[in-house]
Protein chains: 2
Amino acid sequence: MQNNTLKEIGEQLLSANRILLFPHMQIDGDAYGSAVALCYALRNLGKDAYVLLEDKVPAFLSFLTQDFCLEGEPPFESADISIAIDCSDVERFEKRKDCFFRGKTSVCLDHHMTTKVFADYNYIDAKAAATGEIIYDLLKVIDCEFSPLISDALYAAITTDTGNFRYSNTTKRTHMIVADLYDKGLNHAKVCVEIYENVRKERIALSANVLKDLHIFCEGKAGLVSVTQKMLRDNHASLEETEGIIDTLKSIEGIEIAVLLKEKEDDLIKVSLRAKSYGNVAEIAKSFHGGGHIKAAGCTIHSPLADAKKMIIQAVEKELAKGSSL
Amino acid sequence: MQNNTLKEIGEQLLSANRILLFPHMQIDGDAYGSAVALCYALRNLGKDAYVLLEDKVPAFLSFLTQDFCLEGEPPFESADISIAIDCSDVERFEKRKDCFFRGKTSVCLDHHMTTKVFADYNYIDAKAAATGEIIYDLLKVIDCEFSPLISDALYAAITTDTGNFRYSNTTKRTHMIVADLYDKGLNHAKVCVEIYENVRKERIALSANVLKDLHIFCEGKAGLVSVTQKMLRDNHASLEETEGIIDTLKSIEGIEIAVLLKEKEDDLIKVSLRAKSYGNVAEIAKSFHGGGHIKAAGCTIHSPLADAKKMIIQAVEKELAKGSSL
């Protein structure tokens, strides 16, 4: 796939008026922060721009929500430009895809190594730690003035997708961009409190509950924990509040691959995967029709929890067997 | 207090030969990373330099340890220069103070707002997020070549003292320095795995155990948890492995001041304090003859745990009463 340049994409944006932004479903900090930052910028340029959502925004990201963030139908039948943000494929905006393709021109801005091409204009940079970094570059190219709110949204995108600068996708450039966001009026303390320090007590209880039943396998190289519907009910917590548990699991010494199984329904298991050093969890996710990065990926298994657990353990064992031959 | 310039201090270092570095007791990432980085640099300049320790280095920092890090007696009777690193007062290197003051010249490099002057040459910058930032500046001033190992040590100093760039002491400059460390050969993945992903399972069990007995007071604005000697024994964990629990406590929504009481001995309670937004925990720590920053401080109470708990709750209530009148 040949990327377009950000200049080409910028020219498309500047010549359009009605613009719809499509962050991926099960929205995360990078998708939402990137979409909100770009939407602010387009509105500052006088564009009729909206962020279109298909599911609930998690509480820790709700501070990003603005009037231009819409659930349901867009305010116009067809956009001049539809922009998919942080979406590795069409399934990542499944419910909104008709609306997306009604746009006269489509654009994809993404940093997933597994991105499948579906748009007219594409800028996919798997070296970017977050799609937020690409949005930052795009705003520079279209000579957009950075407001404090744009800086907050881009910081939210970058800090969440780099595991707060700890994941190995973090680069010199990540820190250079963040340094510049401070200059542009970033309210660092506010964003960090909103994202990291507004945790419900119930979530901490859930986390303690989940982490006490730790399954370690592959001679200590892999760890797995499960969240059942019952655990969620007992702790008065929601599925989205399992975010972060997998990082705690991965932080255990010797663990190379960490797995979190989330029982969304009886036969619908969401799987989060993380690798520490040499493992490739994108490969594991792909084998279950999922996606993501080498060190952070996910998939869905349509089976009961116990079966999903067996399947994923086999896949992890297979992946780690490869790793040990390196 | 009038600071010396880093140039003046650099000139002292360049004209010396035998140099001893004194990071504070209960050594942390900033003290150790800063001392190791400076010691590498001085040795690269041909100096006979050592880091002198008075207690055990925590496991997550042991990757920093080099031959020049000594416990016990230094290899020479008196140094040309003794340098206190990240020490807010003489009590922070109590057991080594005779050795420190035997040095012909003494230097203090620190970033604590509560620093008491005790050295001949001083550079105290309370705006620096970590003493590691000051060491970075000093190495630039003496025109020292940054090796990858110096970069790793400075990154360790900065990431630990900024709560991995989340604490409000983090600045644009923090990110600019880190960006430069990438250029100088920082092994980011290695350092992050060493510091953050080598956690013993027992520590995670301890954390779950401690956090389930959460005491919330001041109408949800304050939270307190305690670690007893029994909890440490039951979980096969050490006192140093409580690091991080207070950050989880502070992350709960609405909590402004977080307190962790650590029962070191029956009548010896170590207190860690954190403030989220407007609280000043340095004031609380000072009232118990402790020290630290506005948002992160600590003290010791020589009383049984139950009494220490009452005392600290009163002090927190007093501090938060101030805050609410702002």
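On a predicted model such as this, the values are computed, not experimentally measured, just so you know.

Criteria and cut-off values
- Residues numbered from 1 in each chain as written.
- Chains lettered and ligands numbered in written order.
- Predicted model: local features only at pLDDT ≥ 70, side-chain atom pairs only at ≥ 80, totals over all residues.
- Contact = placed C-beta atoms within 7 Å.
- Helix = DSSP H or I, 4+ residues; strand = E, 2+ residues; numbered from the N terminus.
- Nonpolar A, V, L, I, M, F, W, Y, C, P; charged D, E, K, R; others polar.
- Domains from an automatic or database assignment.
- Buried ≥ 20, exposed ≤ 12 C-beta atoms within 10 Å, placed from the backbone.
- Pairing = 2+ DSSP bridges.
- Least-squares fit on C-alpha atoms with pLDDT ≥ 70 in both.
- Core = buried A, V, L, I, M, F, W, Y, C linked by C-beta atoms within 7 Å.

### Topic: the interface of chain B and chain A
- Tallying the contact residues gives 35 residues for chain B and 35 residues for chain A.
- Elements with a contribution of two residues or more to the side of chain B that touches chain A: α6 (172-183), α7 (188-196), α8 (201-211) and α10 (245-250) of chain B.
- Ranked by residues supplied to the side of chain B that touches chain A, first place goes to α6(B) with seven residues.
- Looking at the side of chain B that touches chain A residue by residue, the classes come out as 15 nonpolar, ten polar and ten charged.

### Focus on the domain arrangement of chain A
All names here are of chain A.
- Each domain of chain A was delimited in the assignment, giving domain 1 (6-196) and domain 2 (201-324).
- Placing a centre on the C-alpha atoms of domain 1 and another on those of domain 2 gives a separation of 27 Å.
- Facing the ten residues of domain 1 at the interface are nine residues of domain 2.
- Here the side of domain 1 that touches domain 2 is built from residues that sort into three nonpolar, six polar and one charged.

### Digging into the pairing of strand β8 (residues 222-227) of chain B
Residue and element names in this part refer to chain B.
- Of all six residues in β8, five are buried; the element is thus mostly enclosed.
- Strand direction decides the pairing type here: strand β7 (residues 215-217) and β8, joined by three bridges, are antiparallel. Across the sheet, Phe217 pairs through a bridge with Ala222, a residue of β8.
- Between β7 and β8, which pair antiparallel one after the other, the connecting turn spans four residues, and Cys218 there sits at a positive phi close to 50 degrees.
- Bridge count for β8 against strand β9 (residues 257-265) is six bridges, and the pairing is parallel. The residue bridging Ala222 from the neighbouring strand is Ile257, located in β9.

### Some thoughts on the relation of the copies chain B and chain A
- After a rotation of 180 degrees and a shift along the axis of 0.0 Å, chain B superposes on chain A with an RMSD of 0.0 Å. This pairing of chains is accounted for by a two-fold axis.
- Comparing interface residues between copies, 100% of those in chain B also sit at the interface in chain A, which points to an isologous, same-surface contact.

### Focus: the nonpolar core
- A:Val259 and B:Val259 are the most contacted members of the largest nonpolar core, which has 82 residues in total.
- Ignoring any residue separated from it by four or fewer positions in sequence, one finds B:Val259 in contact with B:Leu224, B:Val271, B:Leu273, B:Ile312 and B:Val316.

### Observations regarding the pairing of strand β10 (residues 268-275) of chain A
Residue and element names in this part refer to chain A.
- Most of β10 sits inside the fold, with seven of its eight residues counted as buried.
- Examined bridge by bridge, strand β9 (residues 257-265) and β10 share eight bridges and lie antiparallel to one another. What sits directly across from Leu261, in β10, is Val271.
- Once β9 ends, the chain turns through two residues before running back antiparallel as β10.

### A short note on unusual backbone geometry
- In this structure, A:Asp86 is a non-glycine residue whose phi angle is positive, near 65 degrees.
- Tracing the backbone shows A:Asp86 in the loop between β4 (81-85) and α3 (97-102).
- When the 30 C-beta atoms within 10 Å are taken as the criterion, A:Asp86 is described as buried.
- Positive phi, close to 50 degrees, is recorded for B:Glu219, a residue that is not glycine.

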